[in-house]
Amino acid sequence: MAELFSEEWMNSFKDEWNNEPELSNALAEINFTSTIGYGFVGDENPIGILIIENGKAIDGGAYNGQPLNWDLRASQDNWNKWIEKGLGMAGLGMAYVGGKLKFKTGDYKAMIKDPRMAGPFVKSFSVMGRVS
């Protein structure tokens, strides 16, 4: 398996994202377009990014200073746990409130209040588990 959030891993994540209708199609319905960074708490920058246009992931790779709409951070252990077991709505809330999942950029509260975004966000964690 590729190293978490490496260019190879992010490219595979892009493909898995697009293969999951509850993620890509659901976000296409609301014309979701964003650049999402993924990384570890304490690091200055994310490691990998996913570029989404109208719900579809068009690029996945290494972070190279691109402007981010979302920048998600957690410890390696927490990422691994969520990737292996997924993350439901209750778990997401506990992870956020407990400081295990940090939004360095992006508005968690606005996202979680909109089921059209919250459902696909939670789904993205189980899709991460498909990356090999």
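As a reminder, the structure under discussion sits directly above these lines.
Residues numbered from 1 in each chain as written. Predicted model: local features only at pLDDT ≥ 70, side-chain atom pairs only at ≥ 80, totals over all residues. Heavy atoms only, no water.

**Structural notes on the packing of helix H1 (residues 7–18) against helix H6 (residues 115–128)**
Okay, so step 1: Their axes nearest at 10 Å, the elements H1 and H6 cross at an angle of 120°. The angle between the axes of H1 and H6 places the two elements in the oblique class. In the packing of H1 onto H6, the handedness of the crossing is right-handed. Together, Trp9, Phe13, Glu16 and Trp17 of H1 and Ser124, Val127 and Met128 of H6 make up the contact between the two elements.
Okay, so step 2: Looking at the contact of H1 with H6 residue by residue, the class counts come to 5 nonpolar, 1 polar and 1 charged. (Axes fitted to C-alpha atoms, helices over the stretch in contact; angles between N-to-C directions. Helix = DSSP H or I, 4+ residues; strand = E, 2+ residues; numbered from the N terminus. Parallel < 35°, antiparallel > 145°, perpendicular 65-115°, else oblique. Left-handed = near helix turned anticlockwise from the far one by under 90°. Contact = heavy atoms within 4.5 Å. Nonpolar A, V, L, I, M, F, W, Y, C, P; charged D, E, K, R; others polar.)

**A look at the sheet that holds strand E2 (residues 48–53)**
Okay, so step 1: Strand order in the open sheet formed by 5 strands is E3-E2-E1-E4-E5, with mixed pairing between adjacent strands. Taken across any chain shown, the strands that pair with only one partner, and hence form the sheet edges, are strand E3 (56–62) and strand E5 (102–105). Averaged over all neighbouring strand pairs, the angle between strand axes comes to 25°, with direction disregarded.
Okay, so step 2: In terms of strand pairing, strand E1 (residues 34–40) meets strand E4 (residues 70–74) through 5 bridges, oriented parallel. Within the sheet, the bridge partner assigned to Tyr38 lies in E4 and is Leu72.
Okay, so step 3: Of the strands in this sheet, E1 and E4 touch helix H3 (residues 76–85), which is tilted by about 100° from E4. (Pairing = 2+ DSSP bridges.)

**Structural notes on the pattern of salt bridges**
If the charged atoms of two oppositely charged side chains come close together, the side chains can form a pair.
Okay, so step 1: Taken as a whole and assessed by the stated rule, the structure comprises 5 salt bridges.
Okay, so step 2: Where Lys14 meets Asp15, a salt bridge forms, and the shortest distance between an N and an O atom there is 3.3 Å.
Okay, so step 3: For Arg130, the salt bridge identified is with Glu20, shortest N-O distance 2.7 Å. One end of the pair, Arg130, is in the segment after H6; the other, Glu20, is in the loop between H1 and helix H2 (24–28), and 110 residues separate them in sequence. (Salt bridge = Lys/Arg side-chain N within 4 Å of Asp/Glu carboxyl O.)

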